[in-house]
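Structural description and commentary
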Amino acid sequence: MNKVTQIEGKAVPVEGNDIDTDRIIPARYLKEITFTNMGNYPFYDERFDAEGKPKGHPFDLPQFQGAHLLFVNQNFGCGSSREHAPQSLMRWGVRAIIGESFAEIFAGNCTMLGIPTATVNHGEMMKLQTLVKEKPETKFMLDLEKKTLLSEGKEYLKFDIHESKRNALVNGTWDSTGLLLGNAGKTAEVAKKLPYVAGF
Amino acid sequence: MSKGTLYNKVWDSHVVDKLPTGQYQLFIGLHLIHEVTSPQAFDMIAEKGLKVAYPNRTFATVDHIVPTKSQARPFQDNEAELMMGAIEKNVKKFGVPFYDFNSGNQGIVHIIGPEMGLTQPGMTIACGDSHTSTHGAFGTLAFGIGTTQVRDVLATQCLAMDALKVRRINVNGKLKPGVTAKDVTLYIIQKLGVKGGIGYAYEYGGSVFDAMTMEERMTVCNMAIEGGARVGYVNPDQTTFDYLKGRKYSPTADKWDKAVAYWKSVASDKDAVFDDVVNFDAADIEPIVTWGITPDQSVGVNDKLPEVSRFSADEVKTVELAYKHMDLKPGQSIKGTPINVAFIGSCTNGRISDLREAAKVAKGRKVSKSVRAFVVPGSQQVKAQAEKEGLDKIFTEAGFEWRQAGCSMCLAMNPDKLQGREISASSSNRNFIGRQGSKDGRTMLMSPAMVAAAAIEGRVADVRELMKNL
């Protein structure tokens, strides 16, 4: 399992609070039975008009192509539990998300894919989004071990991240199946003690 | 830190281990699966050569993509047919019980779990769907999860989870006539916001919840997630036990007393400690209608829409987007807003009591000529019961279409969709942009009785005014 410690790259801003997972990926794309094509769909209805022409969403602007960091505001990823949302962002190129806050299920899904969801306060995010709009070529480095975001090699700010999520990423145990399987014996013991599992 | 709550008790009894990450490995007592979020998870465990660890604690149905007009196979939609084929193949291959069309128990996963008595107090429950919080109505911890987590539950019957804080939400007093559980849950979301519940489990209590039926409690818990709380629950009581008695998977008579004793033991202690407590007065709650693009953007049906200046600076962008998308203006009344579509159904309000309430309003009246109205029962059982009571006739005589069970226009993964700029009165749970199948479509959430009233008037109406004539 890969350890996720440092993520480098340009950043793309997507502004607005309460951007739900229906907006990140419309439900019609959930009918595909693999995640393979999800990279084609993030923010689809906000990016393209009825003829399929780009409307100028940050994901289509030339200066943000190849970005690996995504800067968002409050309660990003609220609503549906669809993992297709972080899958679509990841397959588009997003490797880390910094936001003011994240919806619980979305953040959990990101961790399962090795994508850190780091948080900063409102003022800091306004600064970050302004910076990246004015200087989209800025090179960032998100350092999970030091909980620091670097801009052009210099410390720019400290961020927060849920400690267990950070541990899972830094130690390379974010793909949890192996960890959980290792406790199969203990799992059976817990199950045995639950009256409803035993049928009362 | 919370202490002695149902959350603490159920969590503690299901912890397998503290993981090196600091997360907890939690045993999942019941895993519910459906066609949309499971195919990739089954592929992942097959790839690793793993089996379903506890197939007898796993149950499957189909709900999200199923057409509600003709369910003849193959479905007209090739992608839906492919998805249906995938779950049929997977449940067979991995030995998972499957409630399909032929079972008589097919339906929305959060409706059939309780209906069959699968959902019982003191359980941990997981499902690849955010509205899994519904099952909290029985005093369970029920988590909505993503597909990779579905893989974990399939392979290990466990999840790696972080603990939550617990907020007690009291609603005391008596609800006014015409005010329903849907209005209670929308009111709580309006007051605490769509982000207010992040990091919390919501424990709902107080005299209003004590007096609620199980179906009403399910409606409230269903929308905990819309307030940002992944988990919402009500402590189990006699109402819970009475509901469960005699259901397909409920404990049998010889085990009943033991089961009830256990169920009582998981309820929050009288002196339980919460991380936060919020109190609301039932008398303040009116029939509620959403006007925006998040479930907290709502008003009482007789209120005017809020001025943008009433919101904090960082909310203004979302509020302005909401007004633009909805084509509504601050200061205008929500009552009287014309509608094109009326949808009654979903895991929030697709149960028999919801249909009864809507039918009371529809009886002897006609749907406005300008409105396309339809009723989608939440399950085959709900549909059968409604037909036994003649509700289908009441609806069809009024001009509603009567459909087969499924999620339908709550998320529009099947052919039921808004077209273009159409605006709906909907008994579902999300008014997000594009949610009902058209990227420009618009949604107003309200109770099923209020949807029926809007269908008849052709515009948002106060259901209490129609009830006067009953």
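All of these numbers come straight from a predicted model, not from anything done at the bench.

The next point concerns the side chain of His64 of chain B. Note that His64 of chain B resides in the loop between β4 (58-61) and α3 (78-94). A distance of 2.8 Å separates the side chain of His64 of chain B from the side chain of Asp129 of chain B, its partner in a polar contact.

A few words on helix α6 (residues 181-192) of chain B. All names here are of chain B. Between its terminal C-alpha atoms α6 stretches 17 Å, which fits the 16 Å expected from twelve residues at 1.5 Å a residue. Counted residue by residue, α6 has nine buried out of twelve residues, so it is predominantly covered. Among the residues of α6, those classed as buried are Ala181, Lys182, Asp183, Val184, Thr185, Leu186, Tyr187, Ile188 and Ile189. One or two positions beyond α6, positive phi appears at Gly193, with a value near 85 degrees.

A few words on the packing of aromatic side chains. One pass over the full model with this rule turns up 26 aromatic pairs over all chains. Ring geometry for Phe395 of chain B against Trp402 of chain B: centres 6.0 Å apart, planes inclined by 15 degrees, an arrangement best described as stacked. Each member of the pair, Phe395 of chain B as well as Trp402 of chain B, is classed as buried. Here a set of aromatic residues connected by ring pairs shows up, and it is made of Phe200 of chain A together with Phe241, Trp256, Tyr262 and Trp263 of chain B. The ring of Phe75 of chain B carries the charged tip of Arg73 of chain B above its face, separated from the ring centre by 5.2 Å.

Residues and elements named next belong to chain A. Spatially, four strands are ordered β1-β6-β7-β8 in an open sheet, and the strand pairing comes out antiparallel. The strands lining the two open edges of the sheet, one partner per strand, are β1 (6-9) and β8 (154-158). Taken pair by pair, the neighbouring strands of this sheet meet at an average axis angle of 20 degrees, ignoring direction. Inspection of the sheet shows strand β6 (residues 140-143) paired to strand β7 (residues 148-151) by four bridges, in the antiparallel sense. Its bridge partner being in β7, Asp143 is matched across the sheet by Thr148. In the packing of helix α5 (residues 122-134) onto the sheet, contacts are made with β6, β7 and β8, and the angle to β8 comes to roughly 140 degrees.

So, about the domain arrangement of chain B. Residues and elements named next belong to chain B. Split into domains, chain B comes out as domain 1 (6-161), domain 2 (165-238 + 261-284) and domain 3 (288-467). For domain 2 and domain 3, the distance between their C-alpha centroids amounts to 23 Å. Every contact between the two is made by 19 residues of domain 2 and, on the other side, 27 residues of domain 3. Summed over both sides, the interface between domain 2 and domain 3 buries roughly 1800 Å², with carbon and sulfur atoms accounting for 53% of that surface. Summed over the shared surface of domain 2 and domain 3, the number is two salt bridges. A salt bridge links Lys195 to Glu315, with the shortest nitrogen-to-oxygen separation between them at 3.1 Å. If you look at where domain 2 meets domain 3, you find 13 residue pairs in polar contact (both at pLDDT 80 or more). Mapped by element, the contributors of at least two residues to the side of domain 2 that touches domain 3 are α6 and α8 (214-222). The greatest single-element share of the side of domain 2 that touches domain 3, amounting to six residues, is contributed by α6. Broken down by class, the residue content of the side of domain 2 that touches domain 3 amounts to eight nonpolar, six polar and five charged.

We now examine the interface of chain A and chain B. Interface extent is often summarised as the accessible area lost during association of the parts. Of the residues lining the interface, 59 residues belong to chain A; the matching set on chain B comes to 78 residues. Taken together, the two surfaces of chain A and chain B that pack against each other cover about 5600 Å², and 59% of this comes from carbon and sulfur. Its salt-bridge partner being Glu15 of chain A, residue Lys317 of chain B comes within 3.5 Å of it at the nearest N-O pair. Sorting the residues of the side of chain A that touches chain B by element identifies α1 (21-24), α4 (104-112), α6 (163-170), α7 (177-181), α8 (184-193) and α9 (195-198) of chain A as the ones contributing at least two each. Among the residues making up the side of chain A that touches chain B, the classes are represented as 23 nonpolar, 20 polar and 16 charged.

Residue and element names in this part refer to chain B. Two numbers describe how helix α2 (residues 39-47) lies on helix α5 (residues 147-156): the axes approach to 8 Å, and their chain directions differ by 50 degrees. When the axes of α2 and α5 are compared, the pair comes out oblique. Of the two elements, α2 crosses α5, and the hand of that crossing is right-handed. Across the interface between the two elements, Gln40, Ala41, Phe42, Met44 and Ile45 from α2 touch Thr147, Thr148, Val150, Arg151, Leu154 and Ala155 from α5. Among the residues forming the contact of α2 with α5, the class breakdown is seven nonpolar, three polar and one charged.

As for its placement among the helices and strands, Asp175 of chain A is situated in the loop between α6 and α7. With relative accessibility at 18%, the residue Asp175 of chain A sits in the buried group. A polar side-chain atom of Asp175 of chain A sits 2.6 Å from a polar atom in the side chain of Arg151 of chain B.

Counted by the stated rule, this structure contains zero disulfides over all chains. Free cysteine: Cys110 of chain A, not disulfide-bonded; nearest cysteine sulfur from Cys78 of chain A at 13 Å. Taking relative accessible area as the criterion, Cys110 of chain A reaches 0% and is therefore assigned buried. In this structure Cys410 of chain B is a free cysteine whose sulfur lies 5.8 Å from that of Cys347 of chain B, the closest cysteine sulfur available.

Reading guide: rules and limits
- Residues numbered from 1 in each chain as written.
- Chains lettered and ligands numbered in written order.
- Predicted model: local features only at pLDDT ≥ 70, side-chain atom pairs only at ≥ 80, totals over all residues.
- Heavy atoms only, no water.
- Helix = DSSP H or I, 4+ residues; strand = E, 2+ residues; numbered from the N terminus.
- Polar contact = N/O pair within 3.5 Å; in protein donor to acceptor, adjacent residues only side chain to side chain.
- Expected span 1.5 Å × (residues − 1).
- Buried < 20%, exposed > 50% of the residue type's maximum accessible area, 1.4 Å probe, protein only.
- Phe/Tyr/Trp six-rings, centres within 6.5 Å; stacked < 30°, edge-to-face > 60°.
- Lys NZ or Arg CZ within 6 Å of the ring centre and 35° of its normal.
- Pairing = 2+ DSSP bridges.
- Axes fitted to C-alpha atoms, helices over the stretch in contact; angles between N-to-C directions.
- Contact = heavy atoms within 4.5 Å.
- Domains from an automatic or database assignment.
- Buried area = accessible area lost by both parts, 1.4 Å probe.
- Salt bridge = Lys/Arg side-chain N within 4 Å of Asp/Glu carboxyl O.
- Nonpolar A, V, L, I, M, F, W, Y, C, P; charged D, E, K, R; others polar.
- Parallel < 35°, antiparallel > 145°, perpendicular 65-115°, else oblique.
- Left-handed = near helix turned anticlockwise from the far one by under 90°.
- Disulfide = S-S within 2.5 Å.

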